[in-house]
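So the chains spell out like this:
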Amino acid sequence: MDLIVWRHAEAFEAEPGEDDMNRVLTSRGKKQAERMAVWLESQLPQGTRILSSPAVRAEQTVRALGRKYKVRDALSPGASVSDVLETAGWPDAKYPVLVVGHQPTLGALMAQLLGMSEPACSIRKGAVWWVRRRNREGQGQTLLQAVLCPDRL
């Protein structure tokens, strides 16, 4: 199974009293999302399921891809690693899954999947981390396929 996590692009900070779920992308964030979407469009396998947090900034990020996606409340800010894994169907889904979500959950997810000693790693805004689960000689392995930052594309 391939699991691709895409952290939402740069968003404005919440104003006092503003609901965090309603934060929108900055102009830089829109460009980050567009650059990463171009790369993803050329790389995503056929049949990839795309799932997004219901936060406005996450949906704005995924919309840059121009593909159908489903919103999942389990991917909201503050979600747990187990929420994301269950929602994505890791490691048993028979299709690739792209998840658009938030820090620190995505960083904690990658740290866990890659066996890092830190409880979480930092994932830059708009970045994609792509892992693959496979069995080799009877052993499950998680392979890091790609890490890309939109500012480097």
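A brief report on the enclosed structure follows. No experiment lies behind these values; they were computed from the predicted model shown.

### Digging into the pairing of strand β1 (residues 2-7)
Thinking step 1. By the criterion of burial, β1 is predominantly enclosed, with six of the six residues buried.
Thinking step 2. Here β1 shows no split at all, with Asp 2, Ile 4 and Trp 6 on one side and Leu 3, Val 5 and Arg 7 on the other all buried.
Thinking step 3. As paired strands, β1 and strand β5 (residues 128-136) are joined by five bridges and run antiparallel to one another. Looking at β5, one finds that Trp 6 is bridged to Val 128.
Thinking step 4. Across five bridges, the pairing between β1 and strand β4 (residues 97-101) is parallel. Bridge pairing links Leu 3 to Val 97 in β4.

### Some words on the packing of helix α3 (residues 81-88) against helix α4 (residues 105-113)
Thinking step 1. One way to put it is that α3 packs onto α4 with a least axis distance of 9 Å and a crossing angle of 75°. By the criterion of interaxial angle, the relationship of α3 to α4 is roughly perpendicular. Touching Val 81, Val 84 and Leu 85 of α3 are Thr 105, Ala 108, Leu 109, Gln 112 and Leu 113, all from α4.
Thinking step 2. Tallied by class, residues from the contact of α3 with α4 come to six nonpolar, two polar and no charged.

### Observations concerning the nonpolar core
Thinking step 1. If you look at the biggest cluster of nonpolar residues, it comprises 23 residues, and the most contacted ones within it are Leu 3, Val 5, Val 99, Leu 109, Met 110 and Leu 113.
Thinking step 2. Those elements giving two or more residues to this core turn out to be β1, α3, β4, α4 and β5.
Thinking step 3. Sort the elements by how many residues they give to this core and α4 lands first, with five residues.
Thinking step 4. The contacts of Leu 113, once residues within four sequence positions are left out, are Leu 3, Leu 85, Trp 90, Val 131 and Thr 142.

### A few points about the pattern of salt bridges
Thinking step 1. Under the definition given, this model contains nine salt bridges.
Thinking step 2. Between Glu 10 and Arg 28 there is a salt bridge whose closest N-O contact spans 2.9 Å. Linking Glu 10 in the loop between β1 and α1 (27-43) with Arg 28 in helix α1, this pair joins segments that are 18 residues apart in sequence.
Thinking step 3. Of the residues examined, Arg 28 reaches a relative accessible area of 39% and is grouped as partly exposed.
Thinking step 4. Between Asp 151 and Arg 35 there is a salt bridge, and its shortest N-O distance comes to 3.3 Å. Placement of Asp 151 in the segment after β6 (139-148) and of Arg 35 in helix α1 is noted, with a sequence separation of 116 residues between them.
Thinking step 5. The partly exposed category is assigned to Asp 151, whose relative accessible area is 31%.
Thinking step 6. Judged by its relative accessible area of 32%, Arg 35 falls in the partly exposed class.

The rules behind the values
Residues numbered from 1 in each chain as written. Predicted model: local features only at pLDDT ≥ 70, side-chain atom pairs only at ≥ 80, totals over all residues. Heavy atoms only, no water. Buried < 20%, exposed > 50% of the residue type's maximum accessible area, 1.4 Å probe, protein only. Helix = DSSP H or I, 4+ residues; strand = E, 2+ residues; numbered from the N terminus. Pairing = 2+ DSSP bridges. Axes fitted to C-alpha atoms, helices over the stretch in contact; angles between N-to-C directions. Parallel < 35°, antiparallel > 145°, perpendicular 65-115°, else oblique. Contact = heavy atoms within 4.5 Å. Nonpolar A, V, L, I, M, F, W, Y, C, P; charged D, E, K, R; others polar. Core = buried A, V, L, I, M, F, W, Y, C linked by side-chain atoms within 4.5 Å. Salt bridge = Lys/Arg side-chain N within 4 Å of Asp/Glu carboxyl O.

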